[in-house]
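# Fold and geometry: a report
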Amino acid sequence: MFDQNNKIEGVVDSTGKKHQAKAVVANCGIPELFNKMIPKRVVPKKFAQKIQKRKTSFSSFVIWLGLNEKLDNIKDYEIDLLHDKNYIYSYNDLDRAGIGVTIYDNLFKGYSEPGKTTLSIMSLSDFEPWKKFEKDYFKGKKELYTKEKERLAEKFIKRVEQRLIPGLSDMIEVIEIGTPLTNIYYTQNPEGAIYGFNRDMPHLKAKTPIKGLYLASAWSHGGGYTPVMMAGREAAKLVLSDI
Ligand SMILES: Cc1cc2nc3c(=O)[nH]c(=O)nc-3n(C[C@H](O)[C@H](O)[C@H](O)COP(=O)(O)OP(=O)(O)OC[C@H]3O[C@@H](n4cnc5c(N)ncnc54)[C@H](O)[C@@H]3O)c2cc1C
């Protein structure tokens, strides 16, 4: 909500309820914020152009597994399995991408029920290989998409089975697979980006040219846990000093 001087007055939630505020900190995707949530008239043209120029960062392909066994022979919790040293960055072709295995029980005692294990197998992913499924996915037509994500998951599981956890396929009790489209569904982030904008451009400032609107999140300060905590801290400090 904005007043006639384009100063922020608060937010409207998804039920239409209005919440008055002197300051609003946006922690959502910045493209969504400026393209859909804020009226165009309040965004200075130069600032809008600056945002439009930016590209999104990588997305992710993740398989979460619940196993009916304890993995007593592996002590590490985060293990990288490079496919081929020339193709570590091949996130456009997940058949050849490097993958990371995280075994949560080795990080946090008692994470799973006794005698069981929870782990994830992950690769970064470009959006490109998933783009062709996007329209159908959001219409609820997921047959081809599901086939592809299951095909890749099977490949990843086989790779982990061959190189790290023999017999993995037979231990699986629960499986969930998340793709860049899953990320869009849950976070609204364009292209399922997990690090906000591509890191080849300088960060945006927490303070925007729109009075009362501040930016936090990976989209303003770069992706990853630490940058987003710093983004929140910076936005909070600014709000406190401004109001
Ligand atoms: C599988 C995976 C592994 C990762 N591994 C690492 C790692 O090892 N180390 C690391 O540093 N980083 C890692 N990252 C990246 C890191 O998780 C992100 O960069 C970071 O969490 C982004 O934080 P954020 O607060 O910007 O966004 P998010 O954590 O996405 O939070 C934004 C929240 O806002 C909600 N939202 C969006 N739009 C709206 C709206 N309009 N109204 C209300 N709510 C809204 C979303 O649903 C979401 O809950 C990983 C990411 C993934 C997906």
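As the structure is a computational prediction, the values presented were derived from the model and not from experiment. (Residues numbered from 1 in each chain as written. Predicted model: local features only at pLDDT ≥ 70, side-chain atom pairs only at ≥ 80, totals over all residues. Heavy atoms only, no water.)

Around the ligand, the surrounding shell holds 16 residues, and the nearest of these are N27, I194, A218, G224 and Y225. Measuring from an oxygen atom of the ligand, one finds a side-chain N or O atom of N27 at 3.0 Å. One of the backbone N or O atoms of I194 is found 2.7 Å from an oxygen atom in the ligand. Judged by the proximity of its atoms to the pocket grid, the ligand belongs to the largest pocket. Of all elements in the fold, only β4 (59-67), α7 (180-187) and α9 (225-242) reach the threshold of two or more residues within the shell around the ligand. Residue classes in the shell around the ligand are distributed as 10 nonpolar, six polar and no charged. (Near = heavy atom within 4 Å. Polar contact = N/O pair within 3.5 Å; in protein donor to acceptor, adjacent residues only side chain to side chain. 1 Å grid on protein atoms, 1.4 Å probe; cavity = no way out; pocket = protein on both sides within 12 Å on 5 of 7 lines; lining within 4 Å. Sits in = over half its atoms within 2 Å of the grid points. Helix = DSSP H or I, 4+ residues; strand = E, 2+ residues; numbered from the N terminus. Nonpolar A, V, L, I, M, F, W, Y, C, P; charged D, E, K, R; others polar.)

It is worth spelling out the packing of aromatic side chains at this point. Enumeration according to the criterion identifies 12 aromatic pairs in this entry. With a centroid separation of 5.3 Å and 75° between ring planes, the pair formed by F34 and F47 is classed as edge-to-face. Here F34, found in helix α1 (residues 30-37), pairs with F47, found in helix α2 (residues 45-52); they are 13 residues apart in sequence, far enough to count as distant. Like F47, F34 is buried. Measuring from ring centre to ring centre gives 6.1 Å for W130 and F133, while their planes differ by 50°; the resulting arrangement is tilted. Overall, the relative accessible area of 1% leaves W130 in the buried class. These aromatic residues form a ring-pair network of at least three members: F61, W130, F133, Y137, F138, Y145 and F156. (Phe/Tyr/Trp six-rings, centres within 6.5 Å; stacked < 30°, edge-to-face > 60°. Buried < 20%, exposed > 50% of the residue type's maximum accessible area, 1.4 Å probe, protein only.)

What follows is about the nonpolar core. By size, the foremost hydrophobic cluster in this structure holds 33 residues, and its most contacted members are F61, I63 and I121. Sorting the residues of this core by element identifies β4, β5 (78-81), β6 (99-103), β7 (117-125), α5 (143-163), α6 (168-171) and α7 as the ones contributing at least two each. Broken down by element, the residue count for this core peaks at six residues, all from α5. Counting 19 residues, the second largest nonpolar core, distinct from the first, contains L33, V43, F47 and L204. (Core = buried A, V, L, I, M, F, W, Y, C linked by side-chain atoms within 4.5 Å.)

This part covers the domain arrangement of the chain. One frequently used descriptor of interface size is the decrease in accessible area upon assembly of the parts. You can read the domains of the chain as domain 1 (10-55 + 195-242) and domain 2 (59-191). Centre-to-centre, using C-alpha coordinates, domain 1 lies 31 Å away from domain 2. Between domain 1 and domain 2, the residue contacts involve five residues of the former and four residues of the latter. Here domain 1 packs against domain 2, burying approximately 360 Å² in sum over the two surfaces, 62% of which is carbon and sulfur. (Domains from an automatic or database assignment. Contact = heavy atoms within 4.5 Å. Buried area = accessible area lost by both parts, 1.4 Å probe.)

For the rest of this paragraph, the subject is the pairing of β6. Along β6, five of the five residues are buried, which leaves the element largely enclosed by surrounding structure. Both faces of β6 are covered, namely the face carrying I99, V101 and I103 and the face carrying G100 and T102. The pairing of β5 with β6 spans four bridges and is classified as antiparallel. Bridging from a neighbouring strand, L81 pairs with I99 of β6. Bridge count between β6 and β7: four bridges; the pairing is antiparallel. In the strand pairing of β7, V101 is matched with I121. (Pairing = 2+ DSSP bridges.)

A few words on the layout of surface pockets. Of the voids in this model, the largest pocket is the one considered here, and its volume is about 1300 Å³. Contributing to the lining of the largest pocket are 46 residues, with S60, M122, I194, Y195 and Y225 lying nearest its centre. Counted by class, the lining of the largest pocket contains 22 nonpolar, 19 polar and five charged residues. Of the residues that make up the lining of the largest pocket, three or more belong to each of domain 1 (10-55 + 195-242) and domain 2 (59-191). (Points joined across faces, edges and corners; volume = space filled by probe spheres on them.)

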